[in-house]
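Observations on the three-dimensional arrangement
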Amino acid sequence: DNIDRPYTIWTPDILTIVEIRRHFTTNADITQICKFLVQHGCTFCTLKKVEVDFSTPMRRPSAYGLGIRQAGHKGDKFDYAAYEQARMDVVAKPWGRAALLQGGIIWRLAMDSIGQQGVENAIRGPSSDAVVWHALDKEGKPTGEYYADDDLYEAEICIIHGEYQVRQSELRFL
């Protein structure tokens, strides 16, 4: 690893690797590669090697979804405005940059909310609220190294794509 790099890029997608090799030389600036990947909606992680202090909590408070609606509910412009604000609230957080690294519809909706400002935040690398993972060797055993990157709770992903629960029946207690 190059010590000057703020983080390492990892992707599960071979086509993303091909695009990186096609557009950049081997000693390209990692932030430019990251910017390219965000602007094109590619799925990737920006992993930063960290020292872990297990005596302090490592995760932010849970997020809440968009709520529950009654069966037959028809959304209106106020519901949509509330959704857009909730989506903005998620992606504007320091860890909201993770939405831009997910690719797909989550990336598209996040870009719609924060645009170029989000790209600039994404290329800075993991926030101080990043989730920590332990590295594994080829056999799946911990190596003793830890890496961090921002991540979203499932509820935050549901907020971004506008998912809410619909109550199908009434609960009755005897």
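Scroll up to find the structure this text is about.
Residues numbered from 1 in each chain as written. Predicted model: local features only at pLDDT ≥ 70, side-chain atom pairs only at ≥ 80, totals over all residues. Heavy atoms only, no water.

**Section: the packing of helix H2 (residues 30-39) against helix H5 (residues 104-122)**
Interaxial distance between H2 and H5 falls to 10 Å at its minimum, and their mutual angle equals 165°. Taken together, the axes of H2 and H5 lie roughly antiparallel to each other. Every pair of crossing elements has a handedness; the one defined by H2 and H5 is left-handed. Where H2 abuts H5, its residues Cys 34, Lys 35, Val 38 and Gln 39 lie against Trp 107, Gln 116, Val 119, Glu 120 and Ala 122. When grouped by side-chain class, the residues that make up the contact of H2 with H5 number 5 nonpolar, 2 polar and 2 charged. (Axes fitted to C-alpha atoms, helices over the stretch in contact; angles between N-to-C directions. Helix = DSSP H or I, 4+ residues; strand = E, 2+ residues; numbered from the N terminus. Parallel < 35°, antiparallel > 145°, perpendicular 65-115°, else oblique. Left-handed = near helix turned anticlockwise from the far one by under 90°. Contact = heavy atoms within 4.5 Å. Nonpolar A, V, L, I, M, F, W, Y, C, P; charged D, E, K, R; others polar.)

**Re the nonpolar core**
If you look at the biggest cluster of nonpolar residues, it comprises 34 residues, and the most contacted ones within it are Leu 37, Val 38, Ala 99, Leu 100, Leu 152 and Ile 160. Looking at this core, the elements with two or more residues in it are H2, helix H3 (77-91), helix H4 (97-101), H5 and helix H6 (154-160). Among the elements that make up this core, the one with the highest residue count is H5 (7 residues). In this structure, Val 38 is in contact with Phe 44, Leu 100, Leu 101, Trp 107, Val 119 and Ala 122, ignoring residues within four places of it in sequence. (Core = buried A, V, L, I, M, F, W, Y, C linked by side-chain atoms within 4.5 Å. Buried < 20%, exposed > 50% of the residue type's maximum accessible area, 1.4 Å probe, protein only.)

**A short note on the sheet that holds strand E2 (residues 45-50)**
Judged by pairing direction, the sheet is antiparallel, and its 4 strands sit side by side in the order E1-E2-E5-E4 without closing on themselves. Both outer strands of the open sheet, strand E1 (8-10) and strand E4 (131-136), are each paired with one neighbouring strand and no more. Taking the axes of each pair of neighbouring strands and ignoring which way they run, one obtains an average angle of 45° across the sheet. Pairing analysis gives 3 bridges linking E2 to strand E5 (residues 142-149), with the strands arranged antiparallel. Paired with Val 50 across the two strands is Tyr 146, which belongs to E5. Running over the sheet, H2 touches E1 and E2 and is turned about 30° from E1. (Pairing = 2+ DSSP bridges.)

**Here's the deal with the packing of aromatic side chains**
Enumeration according to the criterion identifies 2 aromatic pairs in this entry. Here the aromatic rings of Phe 24 and Phe 36 are separated by 5.5 Å at their centres, their planes lie at 80°, and the arrangement is edge-to-face. You can see Phe 24 sitting in the loop between helix H1 (14-23) and H2 and its partner Phe 36 sitting in helix H2, a full 12 residues away along the chain. Here Phe 24 falls in the buried class, since its relative accessible area comes to 19%. Consider the rings of Tyr 80 and Tyr 83, whose centres lie 5.6 Å apart with planes at 50°: the pair is tilted. On the criterion of helical spacing, the pair formed by Tyr 80 and Tyr 83 is a turn pair, its members being 3 residues apart in helix H3. Above the plane of the ring of Tyr 164 lies Arg 69, whose end atom (NZ or CZ) is 4.6 Å from the centre. (Phe/Tyr/Trp six-rings, centres within 6.5 Å; stacked < 30°, edge-to-face > 60°. Lys NZ or Arg CZ within 6 Å of the ring centre and 35° of its normal.)

So, to be careful, I would describe these as geometric facts and stop short of saying anything about function.
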